[in-house]
Each structure stands twice: as structure tokens, then as C-alpha cells.
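Notes for the structure review
Each chain, written out:
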Amino acid sequence: MSRSKDSDASSLSAHEERAQAQALFNSIGDGVITTDEFGKITRINPAALKILGYKENELLNTWFPQKIIAVDENGEAINLIDRPITKAFLSGESVYEKMYYRRKNGQKVPVTVTVSPIILGNRPVGAVEVFRDITVEYEIDRMKSEFISLASHQLRTPLSAIKTYSHMLIDGYMGEITPPQRKSLQTVVVAANRMNELISTLLNITRIEAGSITITTKQVNLHKVIEEILKELDHTANAKQIQLSLKVATRQPTVRTDPLIIKEIISNLVSNAIKYTPEEGSVTVTISSRGKQHVMVRVEDTGFGIPEQAQTQIFTKFFRAQNVVRRETSGTGLGLYLVHALTEQLGGKVWFTSKEDVGTTFYVSLPRQRQAALKPQPISVV
Amino acid sequence: MANILIVEDDTDLNAAYKIILESEKNYTVKSAYNGQEALETLKNFEPDLILLDLLMPIMGGLEFLQNYELQKKHPNVKVLIFTNMENSPEVTEAYKLGAHRCIIKSWTAPQNLSRVITDALDEKQEKPVEATR
């Protein structure tokens, strides 16, 4: 008798345990789906059903990758081999990605997904996927990005007028001006250029960190681009009597890349070179070939140089070497961080050589043909 | 000699570009202050090049390009996008609608403006390749 009572008690306990486990599973706020080793859905919680818009009996025992369609930003279906569940099974490790799922009603919902294989006795017996609807975060990031674009546009509009009219006065479009007037206007132009650089830097860093840089590839003549840059920085260099020059040591100074990004990179380097070179120094930009597949741009100055102990940190955010902070107090420490990040975006490399109190040379190597990304990418939250 | 249409809602900048371009190289320059005005002006004016702002009231640059049907009806007209919104989806869209080049206003000194225009008038039209983010 007592033995029967004991087994009743333990089976009640087992029943309670199953009920508790089920309640736990049902209470999880994120979507959870488990599959067997063949990808057939074995369990699905209410949060997952709510996100996907299905009923439980529509999904249980169906093949997960076929029933729950994953798509990219453009609505194109993601191939089976690229699905996180496939990667998790193949690698034996957890996989984290951002993508979109198609709900039952056809709408796309942005999600973050973590899939882990379930390993029993050293072999995968299934997978568990946890996913979350990130529509709200996605919308906040999109609004943030739109605000930044609009704010930078609004800040730059009056700046464009300040710069354009100052230049026009200096260049005599409104009649002759006196040397003191010219000097004052050059000060205005230098300040406007600095403000413009700052806005560009902040905008681009925000975009890089949000993964929302848009790259448009075109054939770019670096000779022309760099000539424009040097003309635009002419007044800044003249204010310190720094000699700016350009040398073209290749017959093919062209690359297929984003013209605005490459302009941003080289402008930053030349502007830095001018800033950190004392009066009557020089800044020389040279375009050359680096093998058949690459073009190199070298920006060489006769400036303060970078102390050896600071050289490993020069591309980090907000870093400014002490020797220049003492001499030149303007500067955010973001310019070279941006140059490095943007150069990587274009598939290129940037490095430098430097000696304190002698000068610095920055090298930017770019592939002649930038390869466009062809694979669908996980969503970048804008 | 070339006919240039400036489409820019900021009256100060519009005036400045007109002064710069008219003083150099014998360009005939007309101004419009939004896309709709530009379309009106273009009924009686055949440009060789259009300097086009993107963000404008009434009708912006992208809508203007769609209405103007640049690639279909005016393939020989060069459109230079003149904006302060670089690396934006709007610029990519403008390229898709046939824009030749994008210039950032706040980066461009007047002495570069006419040179950029001369280069654009001499260059062949090219379709850009777009990369994903």
C-alpha cells in the first residue's frame, strides 16, 4: 500500500514539474521555437505565435525554414544555407543575427534571432531559437538617423552661405578689397571650414556606428578630387603660409569607389596635416600606383610628428597626442578614427610613418575596383 | 557657351551661384527656387546642365527628376546634385534617376564650382553601381 502511495506522490510531482516547465516556457516574453534534428518544429511559445501571427497547430510538426520565411531588407528570401538555424547546426555553436520574418499576413517584422543547437551525447538532437520583435528599436534608430541627416543639413545650409560669400569677397566678385579685409575674411573661411569638418565628422561617425553608411560606387579621378580639396583648403593653408602641393606619379589616377567618401578621407588627412604643421611648413599629396590593383594616396607634412608612444592609439576615438594638444587646442580626436573607418568601408587600408618634430606621412591604399556586396546582409538598424 | 539652370530654394545661395557662373565662361544662367518652378522654366529653356538641390519646398529634387524624366526624355542634360546630405539614400536615389554627380554645398568653394561644371559638361554620362550597406 505504502509503495503505491509513494509512486502516486512521485507521479504527481512529475506532473507538477511538467506543468511548471510548460508555464515557464509559455511565460517567456521573447519568441521561442524548438526543433528536432531535422528542423521540424516541436514546441513554440505564445510570444512566438504572436510575433508571427500563426496558431500553434499551423506550425507544430512543420519544417521550420520552409514555414517561417526569413527575408532581407529588400524582401528577398534568405537562402536556407544562410539561415541562422542552418549555421547553428553546421557549426555546433550559437548564432546571432538580425533579419526579417514574414508574418502569416505577409508583413515583414524585423527581429533579432539567437539559435543554439541542442547537444545530447555529443550529437545535435535539435535546436532552440529565441527571437524578438525589434520594430520599436528599428523605428527609433530610423528616426534618429533622419534627425541627424536633417540636423546636419540645417546646420550646413547657413554655413554654405557664410563660406560662399566669404570666398566671393576674397576672390573679388564684389569688387577689390583691402589686405586687412582679406585677412579677416580668410579667418571667417577657416572657421567655417572647421565647423563644416566637425559636422561631417559627427554625422559620419554616427552613421558608421549605426551601420548606415550608403556607398555609391562611381569612376573617380583622384587627380581632380584632390585638386578640388587643395583649392578648398587653400585659404586655411595660406593663413599659416603652408605650401600645399600635389604630385601625380601614375598614368591612371582613377579608382572605382564612392566619390564623396574618398573626398572626406583625403580632406581629413590634408586638413590634419595643415593643422599640425607649423607656419611656413609644407604639405604634399602624391598619387601613385600600388601594383596593378591598387592606387595609393600619400599625404606628407613637415609637422609636429606623432610621438612613438602615441602611435598605436592614433586611430582610436577621441585620441589626441599630447604634443599637439599643447600646441593646437582645437581638434576633436575623431578625424583619424573616421578616416580609418571610412577607408575600411571602401575596402582600403590606411597607415602612417612619423617622427616627432620632423613630420608625418599618411598612406591610403585603395583597390581600383571596389567590389559591391552581393550577398543579402542582415539588416543594419538605421 | 552653355545653358545652366540653378534649382535651389536658398535665395542667397542661388544668387551667389548665379553671380559666380555668369561672371565666368559665358554661361547663360537661369534660377528656380523649387522643382515646380524648374519644370515651368524648362518649358522655354533648354539647359545643358542643371544644378539641383534636393531638399526644397513645394517640389523637391527627387520629385523634380521623376517629373522631368531625365533619362528617358533628356539624356544629354547633366544634373549635378547640390546638397548638404551626403551618403544619404536620397543621393543614391538621385543617381538612379540619372543624376551625374553629387556636390556637397558646404564643401565647395566658388573657385571650384565653375571648374566642376566645366568638367561635368565635358564628361560622359555614367551609371553608378550601388553597394549595400
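Conventions used here
Residues numbered from 1 in each chain as written. Chains lettered and ligands numbered in written order. Predicted model: local features only at pLDDT ≥ 70, side-chain atom pairs only at ≥ 80, totals over all residues. Helix = DSSP H or I, 4+ residues; strand = E, 2+ residues; numbered from the N terminus. Buried ≥ 20, exposed ≤ 12 C-beta atoms within 10 Å, placed from the backbone. Contact = placed C-beta atoms within 7 Å. Axes fitted to C-alpha atoms, helices over the stretch in contact; angles between N-to-C directions. Parallel < 35°, antiparallel > 145°, perpendicular 65-115°, else oblique. Left-handed = near helix turned anticlockwise from the far one by under 90°. Nonpolar A, V, L, I, M, F, W, Y, C, P; charged D, E, K, R; others polar. pLDDT = per-residue confidence, 0-100. Pairing = 2+ DSSP bridges. Core = buried A, V, L, I, M, F, W, Y, C linked by C-beta atoms within 7 Å.

Notes on the overall build of chain B
Across its full length, chain B holds six helices and six strands. For chain B, the N- to C-terminal ordering of α and β elements is β-α-β-α-β-α-α-β-α-β-α-β. Looking at chain B as a whole, 44% of its 133 residues qualify as buried.

Some words on the overall build of chain A
Along the backbone of chain A there are twelve helices and 13 strands. Counting the 382 residues in chain A, one finds 32% classified as buried. Restricting to contacts in chain A with at least 6 residues of sequence separation, those with at least 24 account for 62%.

Section: the environment of Trp351(A)
With respect to the element layout, Trp351(A) can be found in strand β12 (residues 349–355). Between the alpha carbons of Trp351(A) and Phe315(A) there is a distance of 9.4 Å; along the sequence they are 36 residues apart.

Considerations on the packing of helix α10 (residues 259–275) of chain A against helix α12 (residues 335–345) of chain A
All names here are of chain A. At a closest axis distance of 9 Å, the pairing of α10 and α12 adopts a crossing angle of 150°. When the interaxial angle is binned, α10 and α12 end up roughly antiparallel. Judged by the twist between their axes, the crossing of α10 over α12 is left-handed. Across from Ile261, Glu264, Ile265, Asn268, Leu269 and Asn272 in α10, the residues of α12 making contact are Gly335, Leu338, Val339, Leu342, Thr343 and Gln345. Its residues placed into classes, the contact of α10 with α12 shows six nonpolar, five polar and one charged.

Focus on the confidence of the model for chain A
A low pLDDT score tells you not to read the predicted coordinates there in detail. Per-residue confidence for chain A averages 86 on the pLDDT scale, and 89% of its residues sit at or above 70. The low-confidence segment residues 372–382 of chain A (pLDDT under 50) makes 32 contacts with residues lying over four places distant or belonging to another chain.

Some thoughts on the sheet that holds strand β4 (residues 78–83) of chain B
What holds strands together in a sheet is hydrogen bonding between their backbones, with the strands either parallel or antiparallel. Residues and elements named next belong to chain B. The sheet built from five strands is open, its strands ordered β2-β1-β3-β4-β5 with parallel pairing. Of all the strands in the sheet, just β2 (27–32) and β5 (101–104) have a single pairing partner and so form its edges. Within the sheet, the average angular offset between the axes of one strand and its neighbour, ignoring direction, is 20°. Here β4 pairs with β5 via four bridges, running parallel. When the bridges of β5 are listed, Leu80 appears paired with Arg101. Docked against the sheet, helix α1 (residues 11–22) engages β1 (2–7), β2 and β3 (49–52), running at close to 170° with respect to β2.

Points about the nonpolar core
One broad trend across soluble globular proteins is that nonpolar side chains are buried collectively. With 78 residues, the main nonpolar core has Val270(A), Val7(B), Leu51(B), Leu52(B), Val79(B) and Ile81(B) as its most contacted residues. Examining the composition of this core, we find that nine residues originate from one element, α10(A), more than from any other. Excluding residues that lie within four positions of it along the chain, Val7(B) makes contacts with Ala32(B), Gly35(B), Ala38(B), Ile50(B), Leu51(B), Leu52(B), Asp53(B) and Phe64(B). The next biggest cluster of nonpolar side chains, apart from the first, holds 21 residues, and it includes Leu52(A), Ile68(A), Val115(A) and Ala127(A).

A word on the sheet that holds strand β2 (residues 41–44) of chain A
Residues and elements named next belong to chain A. Spatially, six strands are ordered β2-β1-β6-β5-β4-β3 in an open sheet, and the strand pairing comes out antiparallel. In this open sheet, the two edge strands, each paired with only one partner strand, are β2 and β3 (70–71). As paired strands, strand β1 (residues 31–36) and β2 are joined by three bridges and run antiparallel to one another. Counted as the bridge partner of Thr34 is Arg43 from β2. Here helix α5 (residues 84–91) sits on the sheet and contacts β4 (95–102), β5 (108–120) and β6 (123–133); the angle it forms with β5, its principal contact strand, is near 20°.

With respect to unusual backbone geometry
Residues other than glycine predominantly adopt negative phi, and peptide bonds predominantly adopt the trans conformation. Residues and elements named next belong to chain A. A positive phi angle, near 70°, is found at Asn122, a position not held by glycine. Inspection of the secondary structure puts Asn122 in the loop between β5 and β6. You can call Asn122 exposed: it has 6 C-beta atoms within 10 Å. We note that Asp357 has phi near 65°; this positive angle belongs to a residue other than glycine. Position of Asp357 relative to the elements: it lies in the loop between β12 and β13 (359–367). A count of 11 C-beta atoms within 10 Å places Asp357 in the exposed class.

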